[in-house]
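The lines below spell out each chain.
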Amino acid sequence: MRTGTAREARSCRAPDPVGARADRQNFRDAVLRGLSSTPRFLPSLYFYDARGSQIFQRIMALDEYYPTRCEREILERDGERLVGCLLERHGTLVDLGAGDGTKTHLLLSRLFHRSPGLSYAPIDVSPSALWDSLSRMATAFPGLHVVPVVGEYAEGLRWLGAREGIGALLVLFLGSNIGNMEREEARGFLRGLRSALRPGDHVLVGFDLLKDRAVLQRAYDDAQGVTAEFNLNLLARMNRELGADFDLSGFAHRATFDPVRPAMESWIESLRSQIVTVAGRRFAFAPGELVHTEISCKYREGDITELARSGGFAEVGRFRDRRGWFADALWRVPDRWP
Ligand code: AVI
């Protein structure tokens, strides 16, 4: 364990973020590509500007949005077994898509005093969420060695593949972030993750399990309209950053359940015929036209087994909340694959 004061941790231990930023140019290109496609789409990655990250915090506190509470229950109850691979040894807790880091805090608190030379590497596309989390961690775990990486998952994987001298890894991919990828994309991502890791490294992946449709519908279309605000923030962000002129009252949030995938999907619906200018380009919207904004896949137990196998991981354990609504799967990189 490194010792030091919280002030030292904040000012010295947390270096400047490394890696590429999801900058305005990428946002502009992605938006123009998505709005020029048929059917139209906007990548969910761009939900998480500073405002979107704040709204997501409010979603996580909603009664209807169960995944956060379910996963917290698992981490509180099974935390000791989940971090066992890093106990009593030099290692690094890597947080892919770290968000505000509250769940990671639960795991770090089990490791901090018992893992000599522990490092913490949060990787997130949102610099604001990352820095909020870092200052909280610096206060809670003075002297913790922190290596923050601002970037998309691909940058995170590159960084993991090139790592040196940071011991064994436990990579957290919590909060059902994997659900925001199409199945094939998830498979490819997990294969990429495994090839960036070394035998003996572990990953802990959060999966939202398939459940009653009404529960899912409420979680993605809450009564207070916080999820609607989150979704429509994409339009507000275009107004702020790309000089767009979306009138938000002309659009509405829609959440639908696709039983085949199975997945919840989010859309923005145009409520009338309208023309909007984005980054100097004009786009006509028909009444009822839908723009796809997010997929949130829901998993069956067998899907998780299959994902581990196709990714080349050995499953160590699977931990569920008491209602069986959410599962955290702990996987190890085996010595040989295949
Ligand atoms: C971040 N991600 C796992 C959330 C989900 O459940 O798909 C994002 C979200 N979208 C609407 N509500 C929450």
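Everything discussed here concerns the structure shown above.
Residues numbered from 1 in each chain as written. Predicted model: local features only at pLDDT ≥ 70, side-chain atom pairs only at ≥ 80, totals over all residues. Heavy atoms only, no water.

## Description of the overall build of the protein chain
Secondary structure assignment for the protein chain yields 11 helices and 13 strands. Taking 338 residues into account, the globule formula puts the C-alpha radius of gyration at 20 Å, and the protein chain, at 20 Å, falls close to it. Seen through its principal axes, the protein chain has C-alpha atoms that stretch 60 × 45 × 40 Å. Nonlocal contacts in the protein chain, meaning residues at least 24 apart in sequence, comprise 74% of its contacts between residues at least 6 apart. Carbon together with sulfur atoms contributes 51% to the accessible area of the protein chain, which is approximately 14400 Å² in total. Where the 46 positive side-chain charges of the protein chain centre and where its 44 negative ones centre are 2 Å apart. (Helix = DSSP H or I, 4+ residues; strand = E, 2+ residues; numbered from the N terminus. Rg over C-alpha atoms; globule rule 2.2 N^0.38 Å. Contact = heavy atoms within 4.5 Å. Areas by Shrake-Rupley, 256 points an atom, 1.4 Å probe, with all protein chains shown as cover. Lys, Arg positive; Asp, Glu negative; His and termini not counted. Charge placed at Lys NZ, Arg CZ, Asp CG, Glu CD.)

## Looking at the packing of aromatic side chains
In total, this model carries 19 aromatic pairs according to the counting rule given. Taking the centre distance of 5.7 Å and the plane angle of 90° together, the rings of Tyr 48 and Phe 56 count as edge-to-face. Through successive ring pairs, a cluster of aromatic residues spans Phe 47, Tyr 48, Phe 56, Tyr 65, Tyr 220 and Phe 230. One cation-aromatic arrangement involves Arg 40 over Phe 285; the distance from NZ or CZ to the ring centre is 4.6 Å. (Phe/Tyr/Trp six-rings, centres within 6.5 Å; stacked < 30°, edge-to-face > 60°. Lys NZ or Arg CZ within 6 Å of the ring centre and 35° of its normal.)

## Examining the pairing of strand β9 (residues 274-278)
Along β9, the buried face is formed by Gln 274, Val 276 and Val 278; none of Ile 275 and Thr 277, which line the opposite face, is buried. As paired elements, β9 and strand β10 (residues 281-285) share 5 bridges and run antiparallel to each other. If you follow Val 276 over to β10, its bridge partner there is Phe 283. The hairpin turn running from β9 into β10, its antiparallel successor, is 2 residues long, and Ala 279 in that turn takes a positive phi close to 50°. (Buried < 20%, exposed > 50% of the residue type's maximum accessible area, 1.4 Å probe, protein only. Pairing = 2+ DSSP bridges.)

## A few points about the site of the ligand
Surrounding the ligand, one finds 13 residues, the nearest of these being Tyr 65, Asn 180, Tyr 220, Glu 294 and Ser 296. At a separation of 2.7 Å, an oxygen atom of the ligand approaches a polar side-chain atom of Ser 296. Taking 340 Å² as the accessible area of the ligand by itself, protein coverage stands at 98%. Sorting the residues of the shell around the ligand by element identifies α3 (50-60), α10 (226-242) and β11 (290-297) as the ones contributing at least two each. Classifying every residue of the shell around the ligand gives 6 nonpolar, 6 polar and 1 charged. (Near = heavy atom within 4 Å. Polar contact = N/O pair within 3.5 Å; in protein donor to acceptor, adjacent residues only side chain to side chain. Nonpolar A, V, L, I, M, F, W, Y, C, P; charged D, E, K, R; others polar.)

## Considering the pattern of salt bridges
For the structure shown, the criterion picks out 30 salt bridges. The residue Glu 184 makes a salt bridge to Arg 187 at a minimum N-O spacing of 2.5 Å. With a gap of 3 residues between them, Glu 184 and Arg 187 both fall in helix α8 (residues 183-196), about one helical turn apart. Residue class for Glu 184 comes out exposed when judged on its relative accessible area of 51%. Between Asp 208 and Lys 211 there is a salt bridge, and its shortest N-O distance comes to 2.7 Å. The class for Lys 211 is buried, based on a relative accessible area of 11%. Taken together, the shared-partner salt bridges in this structure form one network comprising Glu 73, Arg 77, Asp 78, Arg 81 and Arg 322. (Salt bridge = Lys/Arg side-chain N within 4 Å of Asp/Glu carboxyl O.)

## So, helix α5 (residues 102-111)
All of the buried residues along α5 are Lys 103, Thr 104, Leu 107, Leu 108 and Leu 111. All buried residues of α5 fall inside an arc of 135° around its axis, so they share one side. The inward-facing, buried residues of α5 contact α4 (66-82), β1 (91-96), β2 (119-124), α6 (127-140), β5 (168-173) and β6 (202-208). (Arc of directions from axis to C-beta.)

## Some points on the nonpolar core
With 69 residues, the main nonpolar core has Leu 35, Leu 170, Leu 204, Met 238, Phe 246 and Val 278 as its most contacted residues. Tallying contributions element by element places α10 first for this core, with 7 residues. Residues contacting Leu 204, with those up to four places away along its chain left out, are Leu 75, Leu 82, Leu 107, Leu 170, Val 171, Leu 172, Phe 173, Leu 174, Asp 328, Ala 329 and Leu 330. Among the nonpolar cores identified, the runner-up in size contains 36 residues, and Val 149, Leu 197, Ile 295 and Ala 327 belong to it. (Core = buried A, V, L, I, M, F, W, Y, C linked by side-chain atoms within 4.5 Å.)

## Observations regarding the sheet that holds β11
Sheet strands pair by backbone hydrogen bonding; their relative direction is either parallel or antiparallel. Here we have 3 strands laid out as an open sheet, ordered β7-β8-β11, and antiparallel in their pairing. The sheet is open, and its two borders are formed by β7 (251-258) and β11, each paired with just one other strand. Between one strand and the next, the sheet's axes are offset by a mean angle of 20°, whatever the strand orientation. When strand β8 (residues 263-270) meets β11, the two strands line up antiparallel, connected through 7 bridges. For Ala 263, the partnering residue across the bridge sits in β11 and is Cys 297. Contacting β7, β8 and β11, helix α9 (residues 213-220) crosses the sheet at an angle of about 155° to β7. Sheet strands in contact with α10 are β7, β8 and β11, and its direction is about 115° off that of β7. (Axes fitted to C-alpha atoms, helices over the stretch in contact; angles between N-to-C directions.)

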